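# Survey of secondary and tertiary structure
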Amino acid sequence: MTEPARPRILVVGPSWVGDMVMAQTLFADLKRQGDCDIDVLAPAWCRPLLSRMPEVRRPLDLPFGHGELKLRQRRAEGRALRGRYDRAYVLPNSLKSALLPFWARVPRRTGWRGEMRYGLLNDVRTLDKERYPLMVQRFVALARAPDAPVPTLDEIRPPHLEVDPLAVDAAREQHDLAADRPVLGLCPGAEFGPAKRWPEYHYAAVARDWIEKGGRVWLFGSGKDRPVADAIIADLPEAQRGETRILAGATSLEQAVDLLSATDAVVSNDSGLMHIAAALNRPLVAVYGSTSPGFTPPLGDRVAMERLGLDCSPCFQRECPLGHLNCLRQLEPDRVIRALAGLSDDAA
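Residues numbered from 1 in each chain as written. Predicted model: local features only at pLDDT ≥ 70, side-chain atom pairs only at ≥ 80, totals over all residues. Heavy atoms only, no water.

Across its full length, the protein carries 12 helices and 12 strands. Taken over the C-alpha atoms alone, the protein extends approximately 70 × 50 × 40 Å along its principal axes. The 348 residues of the protein split such that 53% are buried. Pairs at least 24 residues apart make up 62% of the contacts formed inside the protein by residues separated by at least 6 positions. Within the structure as shown, the protein displays about 16,100 Å² of accessible surface, and the carbon and sulfur contribution to it stands at 49%. Once the 46 positive and 45 negative side-chain charges of the protein are each reduced to a mean point, those two points are 9 Å apart. (Helix = DSSP H or I, 4+ residues; strand = E, 2+ residues; numbered from the N terminus. Buried < 20%, exposed > 50% of the residue type's maximum accessible area, 1.4 Å probe, protein only. Contact = heavy atoms within 4.5 Å. Areas by Shrake-Rupley, 256 points an atom, 1.4 Å probe, with all protein chains shown as cover. Lys, Arg positive; Asp, Glu negative; His and termini not counted. Charge placed at Lys NZ, Arg CZ, Asp CG, Glu CD.)

The following block contains the structure:
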């Protein structure tokens, strides 16, 4: 008697770093329900994340830029996938994200209604945002029956990226990073906009305290975050600058993941790197200003979230509409320093 074939699943993944990390909760839930093969269709830059998710069999590069429609090319890509999948889950809410599974003729195509995708999806769910307040609940709910209870955080497996120790050692060697002192990772950037960025002088105060206690500081981010990293270094005493390394713009995303896994603690704005640090189980202090942890909190056992909760926040704006950014400027570094100490005490 032949064994039944494992379900072959195609997931159309999100395009933001943090969202892709949180999408792992869906992959884990699908695996929990039974053995299956999961391939994820996403922009090529997602490959370093997907390759560190044990649930994913194969990342498939989506050959389109953000916002590009390219109907003819999408139809060709979809046709090339015909006969390969039994189910598809479409995580973005855009109409164009549902086109490839439709043209691939995947028998069951599941997603939230989004941009009126009836026909493109044949298992269309209507999202009640109050019933599913968290993004991870919305992801995991797609793997379950429409009338299933709302997934709770207790039953959702948090994201958990796996790294190769040899790759970590190679990244350390390439960037000449010593391993003889505790390392604090700082992630001072935020792709969304300045209203999510804790001021660089507050980051500098945290770095000074960490170095005074015998540690080193690595600054992570993209090339766009280099000016902020430079400003943090410039705000340190001359004697402390040799204990810091700017990795912003100097590493690939793959190396950033590996090197974040080698830190002893992380302080981050609400950003993709914040979610990566949590998924690596690093002690993490997440700083919130214009946004709220009520929708996309970092998930993990060693996470502290700091925010003031002013009347004007969260505003979810890229720039402070009032021009003062008090939600972040008035969040003093001592709060973050105490939170870091509390995470160390919990670990002990």
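What follows concerns the pairing of strand β10 (residues 265-269). Where burial is concerned, most of β10 is hidden: five out of the five residues are buried. Of the two faces of β10, the one holding Ala265, Val267 and Asn269 and the one holding Val266 and Ser268 are both buried throughout. In the sheet, strand β7 (residues 183-187) pairs with β10 via four bridges, with the strands oriented parallel. Directly across from Leu184, in β10, lies its bridge partner Ala265. Here β10 runs beside strand β11 (residues 284-287); their pairing, made up of four bridges, is parallel. Within β11, the position partnered with Ser268 by the bridge is Ala286. (Pairing = 2+ DSSP bridges.)

With that out of the way, let us pick up the pattern of salt bridges. Evaluated as defined, the whole model comprises 22 salt bridges. Here Arg47 and Asp61 are joined by a salt bridge, their closest N and O atoms 3.2 Å apart. Taken together, the positions of Arg47 in helix α2 (residues 47-50) and Asp61 in strand β3 (residues 56-61) put the pair 14 residues apart, joining distant regions of the chain. Each of the salt bridges in this network shares a partner with another, and the network as a whole consists of Arg6, Lys31, Asp35, Asp37, Asp39, Arg57 and Arg58. (Salt bridge = Lys/Arg side-chain N within 4 Å of Asp/Glu carboxyl O.)

Below, the discussion takes up the packing of aromatic side chains. When we look at a pair of aromatic rings, we describe it by the centre distance and by the angle of the planes. Applying the stated criterion across every chain, the model contains three aromatic pairs. Between Trp112 and Tyr132, the aromatic rings sit 5.5 Å apart at their centres with planes inclined by 55°, giving tilted as the arrangement. Of the two residues, Trp112 is situated in strand β5 (residues 108-112) and Tyr132 in the loop between β6 (123-125) and α5 (135-142); the sequence distance between them amounts to 20 residues. Here Trp112 matches Tyr132 in class, with each residue buried. (Phe/Tyr/Trp six-rings, centres within 6.5 Å; stacked < 30°, edge-to-face > 60°.)

Moving on: the side chain of Asp270. Note that Asp270 resides in the loop between β10 and α10 (272-279). Within the local environment of Asp270, its side chain forms a polar contact with the side chain of Thr291, the two groups lying 2.7 Å apart. Setting aside residues no more than four positions away along its own chain, Asp270 makes contact with Ala190, Lys196, His275, Val287, Tyr288 and Thr291. (Polar contact = N/O pair within 3.5 Å; in protein donor to acceptor, adjacent residues only side chain to side chain.)

What follows deals with the pairing of strand β12 (residues 303-306). Moving residue by residue along a regular strand, the side chains alternate between the two faces of the sheet. Residues of β12 alternate between two faces, with Ala304 and Glu306 buried on one and Val303 and Met305 left unburied on the opposite face. Sheet analysis places β11 next to β12, joined by four bridges and oriented parallel. Bridged to Val287 within β12 is Glu306.

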